[in-house]
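Residue-level structural notes
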Amino acid sequence: MSEYIIKNGNVFDPVQGIKGDKKDIAIKDGKIVDKVGSGAKVIDASGKTVMAGAVEIHAHIAGPKVNLGRIYRPEDKLFSCTPTKGMERMGGGASIPTTFKTGYEYAKMGYTTAMEAAMPPMFAKHVHEEIRDTPIIDEGAFPVFGNNWFVLEYLKNHEIENTAAYIAWMLRVTKGYAVKVVNPGGTEAWAWGLNCLSVNDPVPYFDITPAEIVKGLIEANEYLGLPHSMHIHPNNLGNPGCYQTTLDTLRLAEGMKANNKFGRESVMHLTHSQFHAYKGTNWGDFESGAKEITDYVNKNKNITIDTGNVTLDETTTMTADGPFEHHLTGLNNLKWANCDVELETAAGVVPYIYSPNISVCAIQWAIGLEIPLMMKDPMRCYITTDHPNAGPFTRYPRVIKWLMSTKARETQINAFKHKDKVLSQTSIGSLDKELSLYELAQMTRAGPAKSLGLGGMCGGLKPGMDADVAVYNFNPDKPVADPEDIEKAFSRCAAVFKSGVQVVSNGEIVSTGNKRTLWVNAKVNDNPQVMRDINEKFLKYYSITQANYEALGHHFVPNPYALEVDATHV
Amino acid sequence: METVTITMKNLPALYLEADTITPDSFAGKTAAQIAELPVYEGNVATTLGKYFEINGGAGATAADTKIIVKGDVRKVKYLGFKMSAGEMVIEGSTDLYVGAWMTGGKILAKGNVEGFAATAMKGGELTIEGNAGNYLGAAYRGDWRGMSGGKILVKGNAGSDVGMYMTGGEIVINGNVDVHLMTHAEGGKTIVKGNTQSKLGGQMVDGTIIIYGSIETMTPGFKPNGEVELEVDGVKGKFAHFIGDMGERHKKKKGAVVYANLYKKI
């Protein structure tokens, strides 16, 4: 493979503690190396910012519910289509872009790894077909477990070993990456017309509580020693007062310790925390609970979070939290799509407009920024928009602008129709912190990579790591004249390398790279009981046979990268 | 006001996507510059001048520009797309999306127009002397934001789904209309001087339909609400009043539930 040397850039790498030093980054055979030969191609990065390729920890970018959004929202593609151009195939879609556009847009912003946050196991094949068709970026997908009948039955009796064996089987057949939990118990309860709004609401028929599900899944996750922690969207999302449920959920991790060989220290990842940090009793007295959530997370080091920033756009919400989407369509009267996935999960889709003229939306915007600004350890808080739920991922440069500039935040606050309400219901007006580029690299590179157990592979620029490198047209030595320059610089990279291949040059795609599908191959002791249970459930309940279930082979996973986990000796 | 006349001289083999034929994109340009404006024939990017002979010149602004479209433009789409001001006269019949997303100005189509004319129109005036196709003044596919302002007059007949998801503005049809008139509408007014088919105002939340001719099948979601005298275009008349769609959600205004109104001339 070619050799490259990225010269004289201002390098920010939390993995090595490099804070803007002018350094050269050498690339050889797909890896970062100490030095390259004189024949290496030179990329001049003087006056520019150099970071590792960014890592997306939570986005909905592939699979049946994303595609349902694409199908039932042709208007999302209206005026947002781009024709074939150079290396790029045609693309379209603003909040739910086509697979090709998804890959290109991430790469142009300097992202080289992304996680699909909710894979319905039964439709894993569809998820992988879309991952395959998303160019450039490495991707993994999290199968959902929080409402799965096997899990509910095993954990009701606290059978951790069986749960772990089932998870290992599921990760293998779905080519999954981590244990995702969405509204634990609540989505299953909704099949009975109910919901679980607290961690102690029993799930009908199964007679188990969300607290038992969450604790059990953390235990099973650590029993296996998976790369990522249990990744949770707690109960009671998006309701005023939900921060209490969130705190109750976070407390379930107390005393739990990470067990893995990947350098991960957390046992629970709280996703899109913005949606779970609401105080108040109704939409009238709705206020921010960002302080309560971040105070707790700051003190408890075994938890990582991501933000879920509201970007004030028209978007498409989609989640395995079926009851929430039903609730949402009742609020905004826009079209609702819904699906029940047999023994496993469910999903709903509803378009949503985060209007700067609506006080609730403006307060949500503020909460999403308060959380990262209040977090003391940027290695445990990651920037997301829960794409596309709080906004499209293509708005990351705008979120970065708001986090890096109080002036940009003030401009937005002044543009809100209910500015006074935003200031009285949140503390956004009194936060003068401006994120540094080093902290940005922690929140978008080193941090998420570590939480995902990929800290040795990506998210940093240490020799030996994958050569995922982003070069931004942003000069850290010069004062920022206009915050818009921040957004512009982070929108389109000067250069991006993915595993040593240059994929972006001057903001344009120049190669579709060597995209991989990341999955976790966990080996466990033979467990005839779990295998028999699986066989039985397929015969009795599933609408497809077990033989047709597995996502296997070149069609679905053309370029796999398996992280091996050995849990046989436990 | 300056006038640009464009005359079709080379008919396209495929349909021409000519969203640049608007006073807004012509404004400030000479005939030669207008000829260079981009259009798509199928998926091939080409220029306006390949198909049209262009005479005259545009005014400095859209408001100062009048476009006269001559010749056979039955295979041309998007005439007057997103126009904000000025005037257009289309002398023959034309294809889809005439005046779609227009916010101002005036379009006079002397022939027939195909479907999706005035999609999501916000303002201005569209007059069609012939017949209109389906989805006149409706929302784009999948969208819930139809015509919200402006005026449409059709001297002939119109197709189905007229005023779907309409929220404001006014449509007058002198002839007949097909099924699904003003379905899902949340405002606005449609007057049909001729006859109508079925499913008028299906899932309609707010807004007004006035029918002078017959209704083939009354929508079951509408219920009789007595008789009223209305003045339409300065002429008074007696109408049967219906409210609906009873199967749909309805807002409350000053404590009273707001329904969509359907008036049928007696």
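Structure first, text after, so check above.
Cut-offs and rules
- Residues numbered from 1 in each chain as written.
- Chains lettered and ligands numbered in written order.
- Predicted model: local features only at pLDDT ≥ 70, side-chain atom pairs only at ≥ 80, totals over all residues.
- Heavy atoms only, no water.
- Helix = DSSP H or I, 4+ residues; strand = E, 2+ residues; numbered from the N terminus.
- Rg over C-alpha atoms; globule rule 2.2 N^0.38 Å.
- Buried < 20%, exposed > 50% of the residue type's maximum accessible area, 1.4 Å probe, protein only.
- Contact = heavy atoms within 4.5 Å.
- Buried area = accessible area lost by both parts, 1.4 Å probe.
- Salt bridge = Lys/Arg side-chain N within 4 Å of Asp/Glu carboxyl O.
- Nonpolar A, V, L, I, M, F, W, Y, C, P; charged D, E, K, R; others polar.
- Pairing = 2+ DSSP bridges.
- Phe/Tyr/Trp six-rings, centres within 6.5 Å; stacked < 30°, edge-to-face > 60°.
- Axes fitted to C-alpha atoms, helices over the stretch in contact; angles between N-to-C directions.
- Parallel < 35°, antiparallel > 145°, perpendicular 65-115°, else oblique.
- Patch = residues over 30% accessible without salt bridge, like charges linked within 9 Å, V, L, I, M, F, W, Y side chains within 5 Å.
- Areas by Shrake-Rupley, 256 points an atom, 1.4 Å probe, with all protein chains shown as cover.
- Polar contact = N/O pair within 3.5 Å; in protein donor to acceptor, adjacent residues only side chain to side chain.
- Arc of directions from axis to C-beta.

1. Concerning the overall build of chain B
What chain B contains, in helices and strands, is two helices and 19 strands. Against the 2.2 N^0.38 benchmark of 18 Å for 266 residues, chain B shows a C-alpha radius of gyration of 20 Å, consistent with a compact globule. In terms of principal-axis extent, the alpha carbons of chain B reach across some 60 × 35 × 35 Å. Among the 266 residues that make up chain B, the fraction classed as buried is 54%. When contacts within chain B are restricted to residue pairs at least 6 apart in sequence, long-range pairs at least 24 apart make up 38% of them.

2. Digging into the interface of chain A and chain B
In this assembly, 12 residues from chain A lie in contact with 11 residues from chain B. Around 920 Å² of area is buried between chain A and chain B when both sides are counted, 67% of it from carbon and sulfur atoms. At the junction of chain A with chain B, the criterion picks out one salt bridge. Here Glu314 of chain A and Arg145 of chain B are joined by a salt bridge, their closest N and O atoms 2.8 Å apart. Across the side of chain A that touches chain B, the residue classes break down as seven nonpolar, one polar and four charged.

3. Notes on unusual backbone geometry
Excluding glycine, a negative phi dihedral is what most residues carry, and trans is how most peptide bonds are arranged. Residues His387 of chain A and Pro388 of chain A are joined by a peptide bond in cis, for which omega reads -5 degrees. Among the structural elements, Pro388 of chain A can be located in the loop between β18 (381-382) and α12 (396-404). Omega for the peptide link from Gly244 of chain B to Asp245 of chain B comes to -20 degrees, which places this bond in the cis form. Structurally, Asp245 of chain B can be placed in the loop between β16 (235-244) and β17 (252-253).

4. Looking at the pairing of strand β16 (residues 337-341) of chain A
Regular strands have side chains that alternate between both faces of the sheet. Strand direction decides the pairing type here: β16 of chain A and strand β17 (residues 345-353) of chain A, joined by five bridges, are antiparallel. Bridging from a neighbouring strand, Asn338 of chain A pairs with Gly348 of chain A of β17 of chain A.

5. A look at helix α1 (residues 64-72) of chain A
Along an α-helix, a turn takes 3.6 residues, which lines up residues three or four apart on a common side. Taken together, the buried positions of α1 of chain A are occupied by Lys65, Val66, Gly69, Arg70 and Tyr72 of chain A. Those residues of α1 of chain A that are buried are in contact with α2 (99-108), β7 (111-119), α3 (124-132), β15 (314-319), β16 and β17 of chain A.

6. Re the packing of aromatic side chains
Counted under the stated rule, the structure contains 35 aromatic pairs over all chains. Both rings, one in Tyr106 of chain A and one in Phe393 of chain A, keep their centres 3.8 Å apart while their planes meet at 5 degrees; by these two values the pair is stacked. Note that Tyr106 of chain A is positioned in helix α2 and Phe393 of chain A in the loop between β18 and α12, a separation of 287 residues in sequence. Assigned by exposure class, Tyr106 of chain A and Phe393 of chain A land together as buried. An aromatic cluster is built from Phe79 of chain A together with Tyr78, Phe81, Tyr97, Trp101, Phe116, Tyr135 and Tyr140 of chain B, whose rings are joined through pairwise contacts.

7. Overview of the sheet that holds β18 of chain A
All names here are of chain A. Strand order in the open sheet formed by five strands is β9-β10-β11-β14-β18, with parallel pairing between adjacent strands. The two strands at the open ends of the sheet, each matched to only one other strand, are β9 (180-182) and β18. Here β9 runs beside strand β10 (residues 230-233); their pairing, made up of three bridges, is parallel. Bridge pairing in β10 links Val181 to Ile232. The sheet contacts of helix α7 (residues 210-224) involve β9, β10 and β11 (268-270), and relative to β10 the element is tilted by about 155 degrees.

8. What about the pattern of salt bridges?
Tallying each qualifying case throughout the model produces 42 salt bridges over all chains. The partner of Asp133 of chain A in a salt bridge is Arg132 of chain A, with the nearest N and O atoms 3.2 Å apart. Judged by relative accessible area, Asp133 of chain A falls into the partly exposed class, the value being 28%. Residue classification places Arg132 of chain A among the partly exposed residues on the basis of a relative accessible area of 29%. One salt bridge connects Lys193 of chain B with Asp233 of chain B, and the closest N-O pair in it is separated by 3.8 Å. Separated by 40 residues along the polypeptide, Lys193 of chain B in the loop between β13 (186-192) and β14 (206-211) and Asp233 of chain B in the loop between β15 (223-232) and β16 bring together distant segments of the chain. Asp233 of chain B sits in the exposed class, given a relative accessible area of 59%. Salt bridges linked by common partners bring Arg73, Glu75, Glu314 and Lys335 of chain A together with Asp143 and Arg145 of chain B together as one network.

9. A look at the packing of α12 of chain A against helix α13 (residues 406-415) of chain A
All names here are of chain A. Their axes nearest at 5 Å, the elements α12 and α13 cross at an angle of 105 degrees. The angle between α12 and α13 places the two elements in the roughly perpendicular class. Contacts between α12 and α13 involve Lys401, Trp402, Leu403 and Met404 on the former and, on the latter, Thr406, Ala408, Arg409 and Gln412. When the residues that make up the contact of α12 with α13 are grouped by side-chain class, the tally is four nonpolar, two polar and two charged.

10. Notes on a nonpolar patch on the surface
Together, Trp192, Leu194 and Tyr205 of chain A make up an exposed nonpolar region whose accessible area comes to about 380 Å². With respect to the helices and strands, Trp192 of chain A occurs in the loop between α6 (186-190) and α7.

11. Focus on the sheet that holds β16 of chain A
Residue and element names in this part refer to chain A. Here three strands make up an open sheet; going across it, the order is β15-β17-β16 and the pairing antiparallel. Only two strands of the sheet have a single neighbouring strand rather than two, namely β15 and β16. Each strand axis lies, on average, 15 degrees off the axis of its neighbour in the sheet, ignoring direction. Of the pairings in the sheet, the one linking β15 to β17 comprises six bridges and is antiparallel in character.

12. Notes on the environment of Ser273 of chain A
All names here are of chain A. Structurally, Ser273 is set in the loop between β11 and β12 (278-279). Owing to a relative accessible area of 0%, Ser273 belongs among the buried residues under this scheme. Expressed as a C-alpha distance, the spacing of Ser273 and Asp34, which sit 239 residues apart in the sequence, is 39 Å. Other than its neighbours up to four places away in sequence, Ser273 contacts Ile305, Asp306, Thr307 and Ile371. A polar contact of 2.7 Å, which involves the side chain of Ser273, links it to the backbone oxygen of Asp306.

13. Re α3 of chain A
Residues and elements named next belong to chain A. Of all the positions in α3, only Ala124, Val127, His128, Glu130 and Ile131 are classed as buried. Looking down the long axis of α3, one finds its buried residues gathered within 160 degrees of arc, a one-sided arrangement. Its buried side turned inward, α3 meets α1, α2, β7, β8 (138-143), α5 (160-174) and β23 (517-523).

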